[in-house]
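Secondary and tertiary structure notes
Listed here are the chains, written in short residue letters.
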Amino acid sequence: MKTSLIDTLAREFEISPSRMRSIQRAVTAEIDAGLAGRKSSLAMLPSFCDAASGREKGFYLALDLGGTNFRVMLVKLSGAGTVPTVVAEAKYRLTPGQITGPGDALFDAIAAYVRKFLKDHAFTRPYALGYTFSFPVKLLGIDEGILIKWTKDFSASGVVGRKIVTLQRQALKRKGVGNVDIVALANDTVGTLQARAATDPYCGLGVILGTGFNIAVRVASKRITKGVGGYAGTGMIINMEAGGFSKSLPSTRHDRRLDRESGNSGQQLAEKMISGKYLPQLARLLILDLIKKDHLFAGQVPAVFADTARFAGEHMAILQAGSSEAAQALARELFGRNLTPSERRLLARVCQLVSRRSARIAAALIAGSLKRVERRSKQRVTVAVDGSLFAKYPGYSRLLATAIQELDGPASKGVRLQLTQDGSGIGAAVIAAVVASE
Ligand code: GLC
């Protein structure tokens, strides 16, 4: 009985090679539709910049906003394909009130932190700044864009539909910051691609597998037929907003419930199956199912599963792959007692099913995107990846690489997945430098 329910869940959550191929094909078709301005679940948002050449030089400021941690950095670029260096960095935590309250308060808080950063380090020279803003933004050019919608946990009012850089510049002015010029606005996936491109000319994709999920792809400009003003480069990086992809996804009753109960039902469907924000929520729903059918916790729901937000990715990692001592210590903390061997096995299995499915769907999206990369070499292409899921979740990066090989066979030989940490911060500085060197 117990095995049969978990076997049913395992069947529901397995992504077969043919399912991966159908997702891969759908991704490529949606990329083409999005670049042509036809209806597509991929927004395919132009970044108005091409990959860095590695020759960029100078000191640039970077702002990185994409989660509750907000960063300010000063980055030095020395050209000749050398690794950018972080001269100074500060991380600040935004309060729930700032990310869900009035927009002006959010931009004021960011401006105040910039002022503090400059003051703490006595940075008084004029600086060009690159701004990584990791939400769906329709760029009007390299240094201005309109927020299409908030994703993740953000909901600050009066920002959707408005010009982000203008709002931030006004806030900097209100806070008396006079030596900073915002010259570029970018998504974190674009920043990740750029951070890698500064040292690797073969970089063609930037991927975030963290709280959120998204991909940026470098395409030939001639493929973008929806119009990008007077942009003259031969290639352009495109923020796909891949979390919004919705075709051919194997949605289960648990996915449908998660979506219904989310604040943005019907949206970000791929992200809800892949990213670190949602995996614990999905695991929780599977666990609730097992509890209801009396396979776990003697039919009683532990308090940690009563609300949607307490069970976390770090817990999943320990339950799935931690030592027995670590898992039991966590169990005492979460459930107030040790787990029986069968409970431990079931919980580990649930976490494994949910994370494995995430990696296989992400692999299909990456493989579909690789088909449209404007490559600098037939033999090699680098995929720059950042985010806690890829960097830290047990077995995740290996599952991802294996699934890409499964899809693309020998052609995947030249595909290198490269962890590119801090891509969103350093990448913003790189983009500012690309703009400055034009
Ligand atoms: C969400 C955002 C997207 C961002 C991703 C990763 O999907 O909509 O812009 O790139 O999270 O942070």
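Residues numbered from 1 in each chain as written. Predicted model: local features only at pLDDT ≥ 70, side-chain atom pairs only at ≥ 80, totals over all residues. Heavy atoms only, no water.

**Overview of the site of the ligand**
What surrounds the ligand is a group of 15 residues, the closest being Lys152, Asn187, Asp188, Glu241 and Glu271. The separation between an oxygen atom of the ligand and a polar side-chain atom of Glu241 is 2.5 Å. With respect to the ligand, the side chain of Glu271 contributes an N or O atom lying 2.4 Å from an oxygen atom. Here the ligand loses 98% of its free accessible area of 310 Å² to cover by the protein chains. For the shell around the ligand, the elements supplying multiple residues, two or more each, are helix H6 (188-197) and strand E10 (213-220). Partitioned by chemical class, the residues of the shell around the ligand number four nonpolar, seven polar and four charged. A domain-level breakdown of the shell around the ligand finds at least three residues from each of domain 1 (1-46 + 201-421) and domain 2 (48-186). (Near = heavy atom within 4 Å. Polar contact = N/O pair within 3.5 Å; in protein donor to acceptor, adjacent residues only side chain to side chain. Areas by Shrake-Rupley, 256 points an atom, 1.4 Å probe, with all protein chains shown as cover. Helix = DSSP H or I, 4+ residues; strand = E, 2+ residues; numbered from the N terminus. Nonpolar A, V, L, I, M, F, W, Y, C, P; charged D, E, K, R; others polar. Domains from an automatic or database assignment.)

**Some thoughts on the pattern of salt bridges**
In the structure shown here, the tally under the stated rule is 22 salt bridges. Its salt-bridge partner being Asp108, residue Arg174 comes within 3.0 Å of it at the nearest N-O pair. Of this pair, Arg174 sits in helix H5 (residues 164-174) while Asp108 is found in helix H4 (residues 103-121), placing the two residues 66 residues apart along the sequence. Arg174 gets classed as partly exposed once you look at its relative accessible area, which sits at 45%. Here Asp143 makes a salt bridge to Arg169, at a shortest N to O gap of 3.9 Å. Of this pair, Asp143 sits in the loop between strand E6 (137-141) and strand E7 (144-147) while Arg169 sits in helix H5, and the two are 26 residues apart along the sequence. Taking relative accessible area as the criterion, Asp143 reaches 31% and is therefore assigned partly exposed. Salt bridges linked by common partners bring Glu12, Arg253, Asp289 and Lys293 together as one network. (Salt bridge = Lys/Arg side-chain N within 4 Å of Asp/Glu carboxyl O. Buried < 20%, exposed > 50% of the residue type's maximum accessible area, 1.4 Å probe, protein only.)

**Some remarks on the nonpolar core**
Of all hydrophobic cores here, the largest spans 158 residues; its most connected members are Phe117, Tyr131, Phe133, Leu209, Ile274 and Leu365. With 15 residues, the single largest contributor to this core is helix H12 (residues 341-370). Each of domain 1 (1-46 + 201-421) and domain 2 (48-186) gives at least three residues to this core. Excluding residues that lie within four positions of it along the chain, Phe117 makes contacts with Leu61, Val72, Met73, Leu74, Ala88, Glu89, Ala90, Tyr92 and Phe123. (Core = buried A, V, L, I, M, F, W, Y, C linked by side-chain atoms within 4.5 Å. Contact = heavy atoms within 4.5 Å.)

**What to know about the domain arrangement of the protein**
Along its sequence, the protein is carved into domain 1 (1-46 + 201-421) and domain 2 (48-186). Inter-centroid distance (C-alpha atoms) of domain 1 to domain 2 is 27 Å. On the domain 2 side, the residues contacting the 16 residues of domain 1 number 15 residues. Both sides together, the interface formed by domain 1 and domain 2 hides about 1,300 Å², and carbon and sulfur atoms give 53% of it. Taken together, the links from domain 1 to domain 2 amount to two salt bridges. Salt-bridge contacts for Asp50 lead to Arg218; the nearest nitrogen and oxygen are separated by 2.6 Å. Breaking the side of domain 1 that touches domain 2 down by element, the ones donating at least two residues are strand E1 (45-46) and strand E11 (235-239). (Buried area = accessible area lost by both parts, 1.4 Å probe.)

**Topic: the sheet that holds strand E5 (residues 127-133)**
Strand order in the open sheet made by the five strands is E4-E3-E2-E5-E8, with mixed pairing throughout. Looking along the sheet, the strands with just one partner apiece sit at the ends: strand E4 (85-93) and strand E8 (180-186). Taken over all neighbouring pairs, the strand axes of this sheet differ in orientation by 20 degrees on average, direction set aside. Pairing of strand E2 (residues 57-65) with strand E3 (residues 69-78), which is carried by nine bridges, proceeds in the antiparallel orientation. From the neighbouring strand, Ala62 faces E3, where its bridge partner is Met73. (Pairing = 2+ DSSP bridges. Axes fitted to C-alpha atoms, helices over the stretch in contact; angles between N-to-C directions.)

**Digging into unusual backbone geometry**
Glycine aside, a negative phi is what most residues show, and trans is what most peptide bonds show. For Met44, which is not glycine, the phi dihedral falls at a positive 50 degrees. Mapped onto the elements, Met44 comes out in the loop between helix H2 (17-35) and E1. When its relative accessible area of 0% is taken as the criterion, Met44 is described as buried. Phi at Glu241 takes a positive value of approximately 50 degrees, unusual for a residue other than glycine. You can see Glu241 is positioned in the loop between E11 and helix H7 (253-261).

**Some thoughts on the pairing of E11**
Where burial is concerned, most of E11 is hidden: five out of the five residues are buried. Residues Gly235, Ile237 and Asn239 point to one face of E11 and Met236 and Ile238 to the other, with burial holding for every one of them. Pairing of E1 with E11, which is carried by two bridges, proceeds in the antiparallel orientation. Note on E11: the bridge partner recorded for Leu45 is Asn239. In this sheet, E11 lies alongside E10 in antiparallel orientation, the contact comprising five bridges. Within E11, the residue paired with Arg218 across the bridge is Ile237.

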